[in-house]
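Below, each chain spelled out in residue letters.
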Amino acid sequence: MRRQKAMDQEVYRFPRSRLGALIERLARDYRVVGPVRRGAEHAWADVGPGAELALDYPTTMLPPRQFFAPPRELLFRFRRGADGRYTCHEPEAERPVALLGVHGCDLTGLRVLRSFHESSCRDRVVTGRLDRAFILGLACWAPCTAEAFCRDMASLESEAPAALYAWDLGDVLLVKVLTARGREVLQDVTALEAATSDEQVALRHRLRVRHEAFPSHLRFPPDRLAVALEAAADDLLWEATADRCLSCGRCNLVCPTCTCFDVGDEGTLDGAAAVRFRRWTGCQVPGFSKVAGGRDFRPTRAQQLRYRVVRKGKYMPERYGMVGCTGCGRCIAHCPTHISIREIFRQVGGGGGAGAAA
Ligand code: SF4
Ligand code: SF4
């Protein structure tokens, strides 16, 4: 049904040879970023018209949230003048970002990022960046890693907040127009030529094959997680799993939906100048839950691990209306001791039937 609907909307042919022209067009208004190969891995990087854009990339270690809520960000600097008065200076306005080739899991992650910054802290710096961005979404044809479970978490087919969404068929990409801005950019770069019937058939076939290529790891829908996690609040699995946790925080850093940050000041010893910045932090890092007076309200690794998982599956949907896990699999792939949120979801959800692989 959804696949049929996709073809009913504006879908145009985009010759692969026009990718350079697209980058050139976007570079007039945006800082253009896309996936590029870095040794055996892929990463997001600035790209120009002649860049080797790796649209066939499996995934990146860091998600695109880094361009909207950077790992470390200057908020403002203040300085004491000759008259002893302080003045405050905000950073210069930055160019909006155009992101090329964002997969469904990371598109979902950007929606979660927006809902957190809109409803929790009303952070217009982050939402403003999201508002000004141009995003080309890109369909995946196969799971990017063995750890991915995006189909279970309903993010495989996510398209918003992209302006354009592409299915890569080789020499031609079929591109769906999702916003007026997307249409404007597309027609600046190529004639708006409808997909041929052969291409439409090819796309439907690839979508059918793709559905089979993504195994189901969980035997329940993500909206059942909140109830399942509540019922598992005192389960022994938290202690047993946390025994392997090193509190390194990698799971937080690589997650497209982790949003926590810390704010600090760095100043000169004479107090004449200082900067205020914020930087990523995470609930798995020791000291994260320490408050004034030295009290830590979540001191054990089991409590910290449980909090991370329950926040994704229960607190975020309750508070922001969206499940906080996209199933990208990054936290599993990058955990040094292979702690798997997918396996925890499977255990609490009772999805351990035959074929429910971890
Ligand atoms: S990456 Fe793994 S070991 Fe490190 S804090 Fe997260 S769960 Fe613990
Ligand atoms: S919790 Fe893990 S699998 Fe879920 S979105 Fe974050 S990194 Fe991806």
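Residues numbered from 1 in each chain as written. Chains lettered and ligands numbered in written order. Predicted model: local features only at pLDDT ≥ 70, side-chain atom pairs only at ≥ 80, totals over all residues. Heavy atoms only, no water.

Let's talk about the sheet that holds strand 10 (residues 261–267)
Strand order in the open sheet made by the four strands is 5-4-11-10, with antiparallel pairing throughout. Lying at the two open borders of the sheet, with one neighbouring strand each, are strand 5 (86–89) and strand 10. Direction aside, the axes of adjacent strands within the sheet are offset by 20 degrees on average. In terms of strand pairing, strand 4 (residues 72–80) meets strand 5 through four bridges, oriented antiparallel. Opposite Arg 80, over in strand 5, you have Tyr 86 as the bridge partner. (Pairing = 2+ DSSP bridges. Helix = DSSP H or I, 4+ residues; strand = E, 2+ residues; numbered from the N terminus. Axes fitted to C-alpha atoms, helices over the stretch in contact; angles between N-to-C directions.)

So, the nonpolar core
Ranked by size, the top nonpolar core spans 28 residues in total, and within it Phe 14, Leu 22, Leu 26, Leu 100 and Phe 134 carry the most contacts. Listing elements by their share of this core, those giving two or more residues are strand 1 (11–15), helix 2 (19–27), strand 2 (31–38), strand 6 (97–102), strand 7 (134–138), strand 8 (164–168), strand 9 (172–177) and helix 5 (180–189). Residues contacting Leu 26, with those up to four places away along its chain left out, are Val 32, Ala 98, Leu 100, Phe 134 and Val 185. Core analysis: the next-biggest nonpolar cluster, separate from the first, contains 27 residues, Leu 99, Leu 113, Leu 174 and Leu 207 among them. (Core = buried A, V, L, I, M, F, W, Y, C linked by side-chain atoms within 4.5 Å. Buried < 20%, exposed > 50% of the residue type's maximum accessible area, 1.4 Å probe, protein only. Contact = heavy atoms within 4.5 Å.)

A word on the domain arrangement of the protein chain
On domain assignment, one finds that the protein chain holds domain 1 (2–61 + 95–213) and domain 2 (222–257 + 284–349). Between domain 1 and domain 2, the contact holds 23 residues from the first and 23 residues from the second. Here domain 1 and domain 2 share one salt bridge between them. Salt-bridge contacts for Arg 330 lead to Asp 106; the nearest nitrogen and oxygen are separated by 2.8 Å. At the boundary of domain 1 with domain 2, the tally comes to ten residue pairs in polar contact (both at pLDDT 80 or more). (Domains from an automatic or database assignment. Salt bridge = Lys/Arg side-chain N within 4 Å of Asp/Glu carboxyl O. Polar contact = N/O pair within 3.5 Å; in protein donor to acceptor, adjacent residues only side chain to side chain.)

Quick word on the site of ligand 1
Residues in contact with ligand 1, as listed here, are Cys 245, Leu 246, Ser 247, Cys 248, Gly 249, Arg 250, Cys 251, Gln 284, Cys 335, Pro 336, Thr 337 and Ile 339. Taken together, the residues that form the shell around ligand 1 break down as seven nonpolar, four polar and one charged. (Near = heavy atom within 4 Å. Nonpolar A, V, L, I, M, F, W, Y, C, P; charged D, E, K, R; others polar.)

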